[in-house]
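# Summary of the model geometry
As a plain string of letters, each chain reads:
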Amino acid sequence: MKALQIECGNCRMPISLILSDPSVQSACPSCRADIRVDAFPALFHDVAPGSSGEALFTEGESSCFYHSAKKAVVPCEGCGRFLCSLCDIELDGKHLCPTCIEKGVKKGKLERLQADVTRYDDIAMLLAVVPLIFFCVTVFTAPAALFIAVRHWNSPGTVTPRGKWRFVAAIILSSLEMIGWGIAAIRLMGNTIFK
Amino acid sequence: MTSKKTSTYRRLPGRARKRFGLLEFYWNRLWLADDHILQVHMTAYSESYKRFYLKDIQAIAISRTTSGRTANVILACVAAGFGLAGLMAAVWWKSTPAGVLLGVWAGILLLALLLNSLFGPTCVCRLHTAVHVEHLTSLGRLRTARKVVGMLKPLIEAAQGKLTPEDLGAGSEDWVDVQASVHALPDQFVSSEPKQEWRHEHGRLHLALFVSLFILGLSALSDVYYQNALKNMADMACFVASMVLAVIALRKQNRSDLPLALRRITWAVLAVLIGGYLFGSIYGAVYVMSHPELVSQSIPQEIRLRGSVFESYCIVIGVLHSALAISGIALLNKFRTKYAASQTSSS
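Residues numbered from 1 in each chain as written. Chains lettered and ligands numbered in written order. Predicted model: local features only at pLDDT ≥ 70, side-chain atom pairs only at ≥ 80, totals over all residues. Heavy atoms only, no water.

## What to know about the interface of chain A and chain B
Listed per partner, the contact involves 64 residues of chain A and 73 residues of chain B. Contact between chain A and chain B buries roughly 6200 Å² in total, counting both sides, with carbon and sulfur atoms accounting for 55%. Contact with chain B buries surface across chain A, with Met1(A), Phe40(A) and Arg112(A) losing the most and accounting together for 13% of the total. The tally of links from chain A across to chain B stands at three salt bridges. When the shortest N-O distance is used, the salt bridge between Lys153(B) and Asp38(A) registers 3.4 Å. Where chain A packs against chain B, one counts 16 residue pairs in polar contact (both at pLDDT 80 or more). For the side of chain A that touches chain B, the secondary-structure elements that each account for two or more residues are β1 (2–7), β2 (14–18), β3 (23–27), β4 (34–39), α1 (98–107), β9 (116–118) and α2 (120–129) of chain A. (Contact = heavy atoms within 4.5 Å. Buried area = accessible area lost by both parts, 1.4 Å probe. Salt bridge = Lys/Arg side-chain N within 4 Å of Asp/Glu carboxyl O. Polar contact = N/O pair within 3.5 Å; in protein donor to acceptor, adjacent residues only side chain to side chain. Helix = DSSP H or I, 4+ residues; strand = E, 2+ residues; numbered from the N terminus.)

Below is the structure:
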């Protein structure tokens, strides 16, 4: 028989549940809260040990670009550098070196490794919409909204599905605001010149 | 290098929001991809992600919590307080605007209570991998959590396979402890024997609390017939002492061997003390406002409250306090006797 050691989510007491079934239901002995646990085979798998890379034994053998004393096992599919098993990172079936991974994360090209993003579309929308309450400030915020929307049109966005309509709305709105200011400026100048 | 947008995400039910009024500070959501679950933590203008691959998930645990029920009790008590105060303001104080205002507040709270009840019981859902224990805050309602786990289970089993009776050690006489998230939890969990930190609590503080509560109950009953400034001050001192004792007793009973019924009575004592205080304060304020001549009293303790509502309040509070105190003392006595007997037999 196997007993699963787990923490009660309600009172945080460590409890032991008998795994008679992949889904077990019980009550916490401390707080009597109902607990349901669904267990999966990964629970019984050992974590695979990391590889430290094989040392070079003979001269003339290809060595790792980052560790000259380690034997190269694969070339990086991003930059072509030779990598030992310590430096080789397998991602989506491709072998990459840490530098390519770092560059990919910075440029937002590795969606799987993206840990955070700035939502520029929301910032552009905010700058285009909220200042409308105090219209005079749009003279500054409308160009800023337009700049952010155009500058970050192709910046890495959210990984979840999200359209570009906020960028489009921000561009249209900020353009209209700027046109309005332009017309107002022309009228003011016209009045001043032709008075 | 890999191309952009390789995964297609499907939104999973549930959302956790942290807000203060109309301002939202953050919200969490879960999304499902072909091979992983994505937890999105959104703040005002940024998002951060955590990915849990289906092949790595060891277990998903859902623990039912009492926070929803507690919120309902608090909302109901405060709504009742506002409702009664509104009624009293309209009937005795003859102030319709105050009555309407208090009534509207009571209505808003009742609406919140209704919504909280409709959303169902609350829970804590935790996802275990070999190196994580992640609290999935977006699955804060039991119904949603069960629905999502029901959706995920076949996908995880498709990625990992099903647990067989051999995996679970069926038919084996040996007892094997399995630890979820063995690389993530503190040391106390890693030992094969889980340490149950049950502490013996003698219950002297609980006894002092119940005695103090009993005195308060008797005093509340006697308020129907007799009130004076000195008695009111003594009542206030006794109330403060009871509150302090209740808070310390609640702290002490945590992870102690006191019986569950006794621990629940201590929580009920705190709730009754707070509820009684809130009602008494609101009623007192409305009573004084409807009797302006009482405002001239030099100290609040000299004010004598009268009326059928006040008398009913005294009787209800007196009976509640006494009943809780007597039940608590009886349970404590039983627990002590049982503990003494077990000590004698073990020695």
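Right, picking up where we left off after that structure.
## Some thoughts on the confidence of the model for chain B
Residue and element names in this part refer to chain B. Averaged over every residue, the pLDDT of chain B is 82; residues scoring 70 or more account for 82%. Here helix α4 (residues 187–190) stands out as the element of chain B with the lowest mean pLDDT, 46, in contrast to helix α3 (residues 142–160), whose mean of 93 is the highest. Considering only residues more than four positions removed or in separate chains, one finds that residues 187–195, a stretch of pLDDT under 50, has 14 contacts. (pLDDT = per-residue confidence, 0-100.)

## Things to note about the nonpolar core
All names here are of chain B. Leu-209, Phe-210, Leu-213, Val-269, Leu-273 and Leu-324 are the most contacted members of the largest nonpolar core, which totals 22 residues. When contributions to this core are tallied by element, the ones reaching two or more residues are α5 (204–222), α6 (229–253), α7 (260–290) and α8 (308–346). Beyond its immediate chain neighbours, meaning those up to four positions away, Leu-209 contacts Ser-242, Leu-245, Ala-246, Ala-249, Thr-266 and Val-269. Among the nonpolar cores identified, the runner-up in size contains 21 residues, and Leu-30, Leu-54, Ile-62 and Val-149 belong to it. (Core = buried A, V, L, I, M, F, W, Y, C linked by side-chain atoms within 4.5 Å. Buried < 20%, exposed > 50% of the residue type's maximum accessible area, 1.4 Å probe, protein only.)

## A few points about the packing of α2(A) against helix α3 (residues 138–151) of chain A
Residues and elements named next belong to chain A. Where α2 meets α3, the axes come as close as 8 Å, and the angle between the chain directions of the two elements is 160 degrees. Compared by their axis directions, α2 and α3 come out roughly antiparallel. You can see that α2 and α3 cross each other, and the crossing is left-handed. On α3, the residues that touch Tyr-120, Ile-123, Ala-124, Leu-127 and Ala-128 of α2 are Thr-141, Ala-144, Ala-145, Ile-148 and Ala-149. A breakdown of the residues in the contact of α2 with α3 according to their chemical character gives nine nonpolar, one polar and no charged. (Axes fitted to C-alpha atoms, helices over the stretch in contact; angles between N-to-C directions. Parallel < 35°, antiparallel > 145°, perpendicular 65-115°, else oblique. Left-handed = near helix turned anticlockwise from the far one by under 90°. Nonpolar A, V, L, I, M, F, W, Y, C, P; charged D, E, K, R; others polar.)

## Digging into α2(A)
Buried within α2(A) we find Asp121(A), Asp122(A), Ala124(A), Leu127(A) and Ala128(A). The elements touched by buried residues of α2(A) are α3 and α4 (165–193) of chain A.

## Some details on the side chain of Ser242(B)
Within the secondary structure, Ser242(B) sits in helix α6. Residue contacts for Ser242(B): discarding those within four places in its chain leaves Leu209(B), Ser212(B), Leu213(B), Leu216(B) and Leu273(B).

## Re unusual backbone geometry
If you check the backbone angles, Arg32(A) has positive phi at about 65 degrees while not being a glycine. On the secondary structure map, Arg32(A) appears in the loop between β3 and β4.

## Describing the confidence of the model for chain A
This prediction gives chain A a mean pLDDT of 85; 97% of its residues lie at or above 70. For chain A, per-element mean pLDDT is lowest for β1(A), which scores 82, and highest for α3(A), which scores 93.

## Describing the layout of surface pockets
Residue and element names in this part refer to chain B. There is about 1200 Å³ of room inside the largest pocket. Residue lining of the largest pocket: 31 residues in total, with Thr-66, Thr-70, Arg-263, Arg-264 and Trp-267 positioned closest to the centre. When contributions to the lining of the largest pocket are tallied by element, the ones reaching two or more residues are β5 (59–65), α1 (67–91), α6 and α7. If one sorts the elements of the lining of the largest pocket by residue count, α7 sits on top with ten residues. Tallied by class, the residues present in the lining of the largest pocket amount to 16 nonpolar, eight polar and seven charged. (1 Å grid on protein atoms, 1.4 Å probe; cavity = no way out; pocket = protein on both sides within 12 Å on 5 of 7 lines; lining within 4 Å. Points joined across faces, edges and corners; volume = space filled by probe spheres on them.)

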